[in-house]
Amino acid sequence: MKDTFVANPDKIERKWYLVDADGVTLGRLASEVAKILRGKNKPEYTPFVDTGDYVVIVNAEKVKISGKKLDQKIYFRHSDYVGGAKYTSLREMLATKPEYVVEHAVRGMVPKGALGDKMYKKLHVYAGPEHEQAAQKPEMLTI
């Protein structure tokens, strides 16, 4: 009788991937990156174990947005004070914080809870072409 394989978190080999977001549609980028963060690209994938790899995304400011989302998509935040609701359009957010746009999209595609938090911490997003993970020698990944 065969036993079901369960990945051991201590024995997982994690790789570093570099993704260039220049000209890539935001949703497609986020879903592919979420798959890598979860570890679904590996044969030892286990749903309840963090088997994913590290991902570095550069050129977040050059991500492609389709349709009318630039003006219609709204980001909401609240200051916890009465009347403290703040609404920001995607166009404004890309101009001021392009990293947040990509991080927010990927965050919505990883599991919720403690496991998703561990996966999300392996994501590094930069607005421009420079990044701080050169020492890890990330492998280029095309999407």
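Residues numbered from 1 in each chain as written. Predicted model: local features only at pLDDT ≥ 70, side-chain atom pairs only at ≥ 80, totals over all residues. Heavy atoms only, no water.

Engineer: Would you mind going over the overall build of the chain in detail, with residue names and values included?
Structural biologist: Looking only at helices and strands, the chain has 5 helices and 6 strands in total. Start at the N end of the chain and walk to the C end: the helices and strands fall as β-α-β-α-β-β-α-α-α-β-β. Looking at the chain residue by residue over its 143 residues, the buried ones come to 38%. For the chain, the share of sequence-separated contacts (at least 6 apart) that also reach a separation of at least 24 residues comes to 69%. Of the accessible surface of the chain, which amounts to about 9,000 Å², a share of 52% is contributed by carbon and sulfur atoms. Here the chain holds 24 positive side-chain charges and 19 negative ones, and the gap between their average locations is 5 Å. (Helix = DSSP H or I, 4+ residues; strand = E, 2+ residues; numbered from the N terminus. Buried < 20%, exposed > 50% of the residue type's maximum accessible area, 1.4 Å probe, protein only. Contact = heavy atoms within 4.5 Å. Areas by Shrake-Rupley, 256 points an atom, 1.4 Å probe, with all protein chains shown as cover. Lys, Arg positive; Asp, Glu negative; His and termini not counted. Charge placed at Lys NZ, Arg CZ, Asp CG, Glu CD.)

Engineer: Now, about the pattern of salt bridges: what can you tell me, with residues and values included?
Structural biologist: Enumeration over the complete set of coordinates arrives at 6 salt bridges. Ionic pairing is found between Lys 15 and Glu 139, a salt bridge with its closest N-O pair at 3.1 Å. Taken together, the residues Lys 15 in the segment before strand 1 (16-20) and Glu 139 in strand 6 (residues 139-141) connect sequence positions 124 residues apart. For Glu 139, a relative accessible area of 37% corresponds to the partly exposed category. The shortest N-O distance in the salt bridge between Arg 107 and Asp 117 comes to 2.4 Å. Here Asp 117 lies in helix 5 (residues 114-120) and Arg 107 lies in helix 4 (residues 98-107), a separation of 10 residues in the sequence. According to the relative accessible area criterion, Arg 107 is partly exposed, its value standing at 28%. Given the relative accessible area of 32%, Asp 117 is considered partly exposed. (Salt bridge = Lys/Arg side-chain N within 4 Å of Asp/Glu carboxyl O.)

Engineer: Please provide a residue-by-residue account of unusual backbone geometry, values included.
Structural biologist: Not every positive phi belongs to a glycine, and Asp 80 is a case in point at roughly 70°. Among the residues examined, Asp 80 registers a relative accessible area of 73% and is labelled exposed.

Engineer: Kindly report on a nonpolar patch on the surface, identifying the contributing residues and their values.
Structural biologist: On the surface, Ile 74, Phe 76 and Tyr 87 cluster together into a nonpolar patch covering about 360 Å² of accessible area. Locating Tyr 87 in the fold gives a position in strand 4 (residues 85-89). Tyr 87 gets classed as exposed once you look at its relative accessible area, which sits at 57%. (Patch = residues over 30% accessible without salt bridge, like charges linked within 9 Å, V, L, I, M, F, W, Y side chains within 5 Å.)

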